[in-house]
Amino acid sequence: MEHPENDQAYKGLTVNSGVSSQPTVNPYRQVKKRRQLGVSDYVEGILKGDVSILGRAVTLVESTADAHQAIAQEVIEKCLPYSGNSRRIGITGVPGAGKSTSIDVFGLHVLRQGHKLAVLAIDPSSERTHGSILGDKTRMEKLSVQKDAFIRPSPSAGSLGGVARKTRETIVLCEAAGYDRIFVETVGVGQSETAVHSMVDFFLLIQLAGTGDELQGIKRGIMEMADGIAINKCDGDNVDRAKLAAAQFRNALHLFPPTPSKWRPEVVTYSGYYELDIDKVWDMIDRYFEYVDKTGYFERKRQEQEKYWMIETIDEQLRSKFYNTPEVAALLEQKEIRVLNNEQSSFTAAKDVLDFYFSRLREIDA
């Protein structure tokens, strides 16, 4: 369109027409397609400790696509003989307890001892959008630049706090890649702790002084699962409060029944931010592993965990098959309407749906 300023009435004033809008993407940029990897490529890369291939394999494990899952399961199967040679440590605590900061300094301590470390950090997903920030790498500033550290934040997506079968399988891949120390960080106090406890060797609970937890013996289930409690932020004016909290936690632990391993959980204080007494936390963990190695509990617990995850996988697959059957989904809708209209009880409606599903399976088998 011609600019009105170019009219003869405005002599001496000229407005150029300008240039046409340019594309936002550089048309000359060549996008290089990544080479498709086969099962043997993944396995070979993982066993060599190739971080890029390990990351791609974990992405396959986390994928819900059937084609990806088929490859992932084959890769896991071939990596299985090379796994199991690490110390798996679960780390939990209330939000704000300083888990990520602590993992940052714990990780550096582990690396200085000559180990390779994988951190599987479960990031909370939004219940509404299922989106995640995946910000653990930014909070672990020092650890994220270390060549012997592999940090993998994963969205929880609401499934057992995000630590169900996929995290268990990722541990196998990391161990096969040569990582002999595995940290699994949970989203906080909740259902995820039970799942983490069933896949780690040592369960560390990070606490703060002055939260009231030491007096209430709160989250009793979480405290009963803990193999060790570490009171964070024991620095400056907070030292006395942290030591008092540690004493109160020790008293509370005496009231709990003995752990399956017969290990008496210990309580220590430290400061993640100022990197104080980190060795005290690690000495406690080393004492635990010496104890369970001597008693044979370490091997027994690993075997129990293998059985647990077999059953969990069966449960997950059954639920998935059941709810993804179109006929079942249609019948469920009908039954929901009848239940909501008080035309049928919840229990008989559930029985009808299950009877329908099992009769359909019998027809397929026949």
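For the structure, see preceding data.
So, how was this worked out
Residues numbered from 1 in each chain as written. Predicted model: local features only at pLDDT ≥ 70, side-chain atom pairs only at ≥ 80, totals over all residues. Heavy atoms only, no water. Phe/Tyr/Trp six-rings, centres within 6.5 Å; stacked < 30°, edge-to-face > 60°. Helix = DSSP H or I, 4+ residues; strand = E, 2+ residues; numbered from the N terminus. Buried < 20%, exposed > 50% of the residue type's maximum accessible area, 1.4 Å probe, protein only. Pairing = 2+ DSSP bridges.

Overview of the packing of aromatic side chains
Aromatic ring pairs are described here by two measures, namely the spacing of the ring centres and the angle between the planes. Applying the stated rule across the entire model yields 14 aromatic pairs. Their ring planes at 45° and their centres at 5.4 Å tell us that Phe 106 and Tyr 270 sit as a pair that is tilted. Taken as a pair, Phe 106 in helix α4 (residues 99–112) and Tyr 270 in the loop between β7 (266–269) and α11 (278–295) lie far apart in primary sequence, 164 residues in all. This pair shows no difference in class: Phe 106 is buried, exactly as Tyr 270 is. Ring centres 5.4 Å apart and planes at 85° place the aromatic pair Trp 263 and Tyr 288 in the edge-to-face group. Of this pair, Trp 263 sits in the loop between α10 (239–254) and β7 while Tyr 288 sits in helix α11, and the two are 25 residues apart along the sequence. Of the residues examined, Trp 263 reaches a relative accessible area of 9% and is grouped as buried. Tyr 288 sits in the buried class, given a relative accessible area of 1%.

Topic: the pairing of strand β4 (residues 181–185)
The element β4 is largely enclosed, with a buried count of 5 among its 5 residues. Along β4, one buried face is formed by Arg 181, Phe 183 and Glu 185 and the opposite face, lined by Ile 182 and Val 184, is buried too. With 5 bridges joining them, strand β1 (residues 87–93) and β4 adopt parallel strand pairing. Note that in β4 the partner of Ile 89 across the bridge is Phe 183.

Side note on unusual backbone geometry
Look at Lys 262: it is not a glycine, yet its phi comes out positive at around 70°. If you trace the backbone, Lys 262 turns up in the loop between α10 and β7. Judged by its relative accessible area of 59%, Lys 262 is exposed. For Asp 277, which is not a glycine, the phi torsion comes out positive at approximately 60°. Tracing the backbone through its elements, the reader meets Asp 277 in the loop between β7 and α11.

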